[in-house]
Amino acid sequence: MNDSDPNDSDPNVSDLMVLPLVVRIERAAPPERTDALEAAAMAVLSLLDDPGEWADELHAWQSTGKIRKVVRRARGAEWRRAEALPGRTVGHRTAEVRVHPPVPLDAWPRDLARLQVSGTELTDTRELRPVEPPVLWANPGLSMSAGKAMAQAGHAAQLAWWASSPAERDAWRARGLTVSARTAARDDFAALVAAGLPVVRDAGFTEIEPGSCTFVAEAPWLYGRVSQP
């Protein structure tokens, strides 16, 4: 689940900070995959919209020009220990995701550092609901673990937030900062990438090749907002 920011290409940056996300996965009742992706994105948006007492940490993280996120999983006592640490839990349908204030890459709280990173797979067993914007479209040509996809969805939501005007953020906030996460049709993804929408390009630290376009954030107000390289 370890993930990097969409523009970072140097894994040895001394000032690198990460945003920790923890997804609750109980053996008897794991979340739906789409619910987990959407909950991760909403957790990131919650912190961006209202950092509260973690404003300094959020500023330090964003000021590096890198928005690296790492998703770990917890259950039972692990989850309770994660909840005892500073952070904010977002519940979304079957999923619970806790976002913690950004930390230096080599200075994770012990109870978070000991959580598992890789190997988490989630599936969708229920019919997906109709989408509502913003829609975070995953690249259908890439295979990503659930945690990798959660981090990438968080990136897409953050880029969409940055590209939105204050009035557009107000309207989004009034809808509860909700998002829809879906996998794009193969014929549609390239057109979305070329449409001036926020696009996540992965640094390639894990799972996929550097520079891969993993997600595109689409909403009526986002078209043409972002200059494409």
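The model shown is predicted, which means the values in this text are computed figures rather than measured ones.

A. Just the overall build of the chain, in detail. When you go through the chain residue by residue, the secondary structure sums to seven helices and nine strands. Looking at the chain as a whole, 53% of its 229 residues qualify as buried. Across the chain, the fraction of contacts at a sequence separation of at least 24, relative to all contacts at a separation of at least 6, is 82%. On the chain, roughly 10,300 Å² of surface is accessible, and the fraction owed to carbon and sulfur atoms is 48%. Positive and negative side-chain charges of the chain, numbering 26 and 31 respectively, have mean locations separated by a distance of 4 Å.

B. The arrangement of the pattern of salt bridges in detail. Here the structure, examined in full by the defined rule, presents ten salt bridges. One salt bridge connects Arg173 with Asp49, and the closest N-O pair in it is separated by 2.7 Å. Highlighted residues: Arg173 in helix α6 (residues 166-174) and Asp49 in helix α1 (residues 33-49), separated in sequence by 124 residues. For Asp49, a relative accessible area of 24% gives the class partly exposed. Residues participating in the shared-partner salt-bridge network are Arg24, Glu26 and Glu96.

C. The arrangement of the side chain of Ser46 in detail. Its place among the elements puts Ser46 in helix α1. In this structure Ser46 touches Arg88, Val90 and Leu177, once residues within four positions along its chain are discounted.

D. Examining the sheet that holds strand β7 (residues 180-183) more closely. On the basis of which strands lie adjacent, the open sheet formed by four strands has the order β7-β6-β9-β8 and mixed pairing. If you trace the sheet from one side to the other, it starts and ends with β7 and β8 (199-201), each paired once. Here the strands of the sheet are splayed against their neighbours by 20 degrees on average, with no regard to which way each runs. Alignment of strand β6 (residues 135-138) against β7, held across four bridges, turns out to be parallel. Looking at the pairing, Val135 lines up with Ser180 of β7. Packing of helix α5 (residues 146-163) onto the sheet brings it into contact with β6, β8 and β9 (213-218), and relative to β9 it is tilted by some 40 degrees.

E. Expanded view of the packing of aromatic side chains. Counted under the stated rule, the structure contains two aromatic pairs. Geometrically, the ring pair formed by Trp161 and Trp172 is tilted, given 5.7 Å between the ring centres and 55 degrees between the ring planes. Placement of the pair is Trp161 in helix α5 and Trp172 in helix α6, with a sequence separation of eleven residues. For Trp161, a relative accessible area of 4% gives the class buried. Sitting over the face of the ring of Trp108, Arg72 holds its NZ or CZ atom 4.4 Å from the ring centroid.

Rules and cut-offs
- Residues numbered from 1 in each chain as written.
- Predicted model: local features only at pLDDT ≥ 70, side-chain atom pairs only at ≥ 80, totals over all residues.
- Heavy atoms only, no water.
- Helix = DSSP H or I, 4+ residues; strand = E, 2+ residues; numbered from the N terminus.
- Buried < 20%, exposed > 50% of the residue type's maximum accessible area, 1.4 Å probe, protein only.
- Contact = heavy atoms within 4.5 Å.
- Areas by Shrake-Rupley, 256 points an atom, 1.4 Å probe, with all protein chains shown as cover.
- Lys, Arg positive; Asp, Glu negative; His and termini not counted.
- Charge placed at Lys NZ, Arg CZ, Asp CG, Glu CD.
- Salt bridge = Lys/Arg side-chain N within 4 Å of Asp/Glu carboxyl O.
- Pairing = 2+ DSSP bridges.
- Axes fitted to C-alpha atoms, helices over the stretch in contact; angles between N-to-C directions.
- Phe/Tyr/Trp six-rings, centres within 6.5 Å; stacked < 30°, edge-to-face > 60°.
- Lys NZ or Arg CZ within 6 Å of the ring centre and 35° of its normal.

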